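Structural overview
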Amino acid sequence: MNYQIKSIEEYKETYKYSIENPEEFWAEIANNFIWHKKWDKVLEWNFTEPKVEWYKGAKLNITENCLDRHLEKLKDKTAIIWEPNNPEEKTRNITYGELHKDVCRFANVLKNNGVKKGDRICIYMPMIPELTVAILACARIGAIHSVVFGGFSSKSIADRIVDAQCSMVITADGVYRGNKLIALKNIVDEALRNCNTIKKVIVYKRIGNNVVMNNETDVWWHDEFEKADKICAAEIMDAEDMLFILYTSGSTGKPKGVVHTIAGYMVFASYTFANVFQYESNEIFFCTADIGWVTGHTYIVYGPLLTGATCLMFEGIPTYPDAGRLWQVVEKHKVNTLYTAPTAIRSLMQAGIEFVNGKNLDTLKKLGSVGEPINEEAWHWYNTNIGKGKCPIVDTWWQTETGGIMISPLAGITPTIPSFAMLPLPGIQLAIVNTQGEELKGNDVSGDLCIKFPWPGILRTTYGNHERCRTNYFATYKNMYYTGDGCIRDINGYYRITGRADDVLKVSGHRIGTAEVENAIDLHHNVIESAVVAFPHNIKGQGIYAFVICSNETKDFEKLKSEITNLVSEEIGSFAKPERIQFVNGLPKTRSGKIMRRILRKIAVGETENLGDTTTLLDPAIVEEICKVIL
Ligand code: PRX
């Protein structure tokens, strides 16, 4: 069996084989990696506890698979091309040989600063190659990384540090994103006022802004790097040891720490990268995600490096210095594959074709989309103006919990249809179920998207609370992993994701729980209660609409609105700010006290007729009142 599928027939055969013989299939794929010891058993599982173990008994280190094994042939190949925020600043090229050296040396920095196997390390860094170095250095010595997206507030960092009991933070002084300065170190300082587990903070000097160094805990990256030894043998790890924790939002107010383990994640990240993007050895792959989200973990760091690819890492934003930046970066670095989010496509589409015109995009061969449903208009614009009609678009559906791509075309190999994720990858057994939990067989059906059988990249637990993992993903439908997404299988058997079926929002592709935003709003002393829903937003995909009951003392509503938005920025991050706030006297609740969001969602789009059955409401008059304000 070939590692990379090269035709539709081969896809069909491989898929069939993979679901009829999952253990044999995933063992054959795993033979493409280096192991200190092979597994005793390919898979052990049940979805009731749940317990999933891949390649049990195997010993390995993922960084040897990302770096050491490439040194013989790819030592001088560029692993990372780095494009800075400011186009005037120099780009950097880091070869596999150099990356290997930096990772080993920084792994010794971690050791010198007291890090041991199994320790949790919080990483809050800009999109610079040192972020990749920090991640891999953790993996080199068996420490567990917990990367926190640079847009999160100090409060969110603190929550994540406390939950994972991290002993170290790796950060930078600051960074410019567009022309906005983000003072990362100050934000970390603020976070650490509420954490007592952190023993050391390592600070990379990126822009030279003023920072306060605490003599007891804070050290400079460059000082420590100078002192550290160059050689660092890889820690030999068990297949099921934790590789990383990544926090993500669900329907409760508290984000959960999704846990991925080493071997399964490694195999899945690499296999999906090689197949979906059909990576070829001389290509330049550009994923615009931030490494703070799972897309960056899997398709900027692990997937490309495991495959020996050259990956472009971009520090800035697509609209700085103007809306032509992304296209200029593609031209400058002769990018072959561009993997981005629908929000970015929509905002660049709105900026106008003049920003694309004149840029040479001839090197592009493949395009990708991720993170939220892509509307047909954006798909066609991307296809026509960026791909010039010759680049297959892979609309990749997956989640933080799945570790890697689950449903997607294979670029240039399997068919594409606008706004369809199309077909499952080999090894992925999908099920569409109705609300009674019955699997809907055959084509032309819609319902909740579930997965019936484990794949190597599946989450293993939610950090520190396995029961939460069970209730969230494995308790809704018996013996199935529930994704939280709605899905259609059309008459031809192709899959189309229709969006979240729970209280999770996707704002510019960022995953936010309604309860998190409500909790933040409710902290305001003049707020009695709030309810948050999504409304369709033509750039961000979804925007946040908050219905807020405030106290009688409130006089200045505009002031209260801005205080509420500031509060959400402080508690979560500015990406979670409500776009619209409506003050109301009550919320539509059932007699048991549950807010009927279905009604609020309709009101949020101005649909005040046909609100459906409101007879179960405690006080139907409330709905009329809310609607009046809208009208
Ligand atoms: O609702 C789906 C949406 O993003 C959710 C997962 O979010 P997150 O864990 O942040 O991971 C995003 C990057 C993988 C899913 O439950 N989603 C992701 N990709 C798509 C999508 N919705 C539609 N089409 C997609 N291609």
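These numbers were taken from a predicted model, which means no experiment stands behind them. (Residues numbered from 1 in each chain as written. Predicted model: local features only at pLDDT ≥ 70, side-chain atom pairs only at ≥ 80, totals over all residues. Heavy atoms only, no water.)

A word on the overall build of the protein. In terms of regular secondary structure, the protein is built from 19 helices and 30 strands. Expressed as lengths along the three principal axes of its C-alpha atoms, the size of the protein is roughly 75 × 60 × 55 Å. The buried share of the protein, reckoned over its 631 residues, is 62%. Carbon together with sulfur atoms contributes 48% to the accessible area of the protein, which is approximately 24,300 Å² in total. The positive charge centre, built from 70 side chains, and the negative charge centre, built from 76, are 2 Å apart in the protein. (Helix = DSSP H or I, 4+ residues; strand = E, 2+ residues; numbered from the N terminus. Buried < 20%, exposed > 50% of the residue type's maximum accessible area, 1.4 Å probe, protein only. Areas by Shrake-Rupley, 256 points an atom, 1.4 Å probe, with all protein chains shown as cover. Lys, Arg positive; Asp, Glu negative; His and termini not counted. Charge placed at Lys NZ, Arg CZ, Asp CG, Glu CD.)

Moving on, we get to the site of the ligand. Looking at the ligand, there are 16 residues lining it, with D395, T396, T400, D485 and R511 nearest. Within the side chain of T400, one N or O atom sits 2.5 Å away from an oxygen atom of the ligand. Here an oxygen atom of the ligand sits 2.4 Å away from a polar atom, N or O, in the side chain of D485. Contact with the protein chains hides 96% of the accessible area of the ligand, taken as 540 Å² for the molecule alone. For the shell around the ligand, the secondary structure elements donating two or more residues are β20 (393-396) and β25 (495-500). (Near = heavy atom within 4 Å. Polar contact = N/O pair within 3.5 Å; in protein donor to acceptor, adjacent residues only side chain to side chain.)

This part covers the pairing of strand β8 (residues 168-172). Burial within β8 is extensive, with five of its five residues counted as buried. Neither face of β8 is exposed, since M168, I170 and A172 on one face and V169 and T171 on the opposite face are all buried. Pairing geometry for strand β6 (residues 120-124) and β8, over four bridges, is parallel. Bridge pairing links I123 to I170 in β8. When β8 meets strand β11 (residues 200-204), the two strands line up parallel, connected through five bridges. Bridge assignment links I170 to a residue of β11, and that residue is I202. (Pairing = 2+ DSSP bridges.)

Turning to the side chain of K506, a few remarks are in order. Looking at the element boundaries, K506 is found in strand β26 (residues 504-507). Only 2.9 Å separates the side chain of K506 from the backbone oxygen of G509, close enough to count as a polar contact. For K506, the residues in contact, after removing those within four places along its chain, are G371, R511, K540 and Q542. (Contact = heavy atoms within 4.5 Å.)

What follows deals with the packing of aromatic side chains. Evaluation of the coordinates by the stated rule reveals 46 aromatic pairs. Aromatic side chains F149 and W293 sit 4.6 Å apart centroid to centroid with 35° between the ring planes, which places their arrangement in the tilted category. You can see F149 sitting in the loop between β7 (144-147) and α7 (154-164) and its partner W293 sitting in the loop between β16 (284-287) and α11 (294-306), a full 144 residues away along the chain. Here F149 and W293 have matching classes, each one buried. Seen from their ring centres, F273 and F285 are 4.8 Å apart, and the 85° between their planes marks the pair as edge-to-face. With a gap of twelve residues between them, F273 in helix α10 (residues 262-276) and F285 in strand β16 connect regions that are remote in the sequence. Cluster of aromatic residues (ring-pair linked, three or more members): Y3, F25, W26, F33, W35, W39, W54, Y55, F268 and Y271. Its guanidinium or amino end placed over the ring of W82, R92 lies 5.7 Å from that ring's centre, counting from NZ or CZ. (Phe/Tyr/Trp six-rings, centres within 6.5 Å; stacked < 30°, edge-to-face > 60°. Lys NZ or Arg CZ within 6 Å of the ring centre and 35° of its normal.)

In this section: the sheet that holds strand β30 (residues 580-583). Strand order in the open sheet made by the three strands is β28-β29-β30, with mixed pairing throughout. Of all the strands in the sheet, just β28 (527-537) and β30 have a single pairing partner and so form its edges. Adjacent strand axes in the sheet meet at a mean angle of 25°, parallel and antiparallel pairs treated alike. Relative to β30, strand β29 (residues 541-550) runs parallel, the two being bridged by four bridges. (Axes fitted to C-alpha atoms, helices over the stretch in contact; angles between N-to-C directions.)

Now for the environment of L43. Secondary-structure assignment places L43 in strand β1 (residues 41-46). With a relative accessible area of 1%, L43 lands in the buried category. Between the C-alpha atoms of L43 and P454, which are 411 residues apart in sequence, the distance is 8.8 Å. Apart from the residues lying within four places of it in its own chain, the contact partners of L43 are E23, V52, E53, W54, F453 and P454.

Our next topic: the pattern of salt bridges. Applying the stated criterion across every chain, the model contains 34 salt bridges. The partner of E44 in a salt bridge is K56, and the shortest N-O contact between them spans 3.7 Å. Note that E44 is positioned in strand β1 and K56 in strand β2 (residues 51-56), a separation of twelve residues in sequence. Look at K56 and you get partly exposed, because its relative accessible area is 34%. A salt bridge links K56 to E53, with the shortest nitrogen-to-oxygen separation between them at 3.2 Å. Salt bridges sharing common partners tie together E44, K51, E53 and K56. (Salt bridge = Lys/Arg side-chain N within 4 Å of Asp/Glu carboxyl O.)

A few words on the sheet that holds strand β4 (residues 78-83). If you trace the seven strands from one edge of the open sheet to the other, you get β5-β4-β17-β16-β18-β19-β20, paired in mixed fashion. The sheet terminates laterally at β5 (92-95) and β20, the two strands that pair on one side only. Strand-to-strand twist of the sheet, defined as the mean angle between neighbouring strand axes without regard to direction, takes the value 20°. In this sheet, β20 lies alongside strand β19 (residues 366-370) in parallel orientation, the contact comprising four bridges. Across the sheet, the residue bridging to S369 is D395, located in β20.

We now examine the packing of α7 against helix α8 (residues 184-192). Direction vectors running N to C along α7 and α8 enclose 55°, while the axes themselves pass 8 Å from each other. Regarding the angle of α7 to α8, the classification is oblique. The handedness of the crossing between α7 and α8 is right-handed. Here S154, I157, A158 and I161 of α7 come into contact with α8, specifically with I187, E190, A191 and L192. Residue classes in the contact of α7 with α8 are distributed as six nonpolar, one polar and one charged. (Parallel < 35°, antiparallel > 145°, perpendicular 65-115°, else oblique. Left-handed = near helix turned anticlockwise from the far one by under 90°. Nonpolar A, V, L, I, M, F, W, Y, C, P; charged D, E, K, R; others polar.)

On to the nonpolar core. W35, Y55, F106, I170 and Y302 are the most contacted members of the largest nonpolar core, which totals 177 residues. Per element, the largest residue contribution to this core is ten residues, and it comes from α10. Formed by 27 residues, the second largest nonpolar core is a distinct cluster that contains I81, V329, V356 and I374. (Core = buried A, V, L, I, M, F, W, Y, C linked by side-chain atoms within 4.5 Å.)

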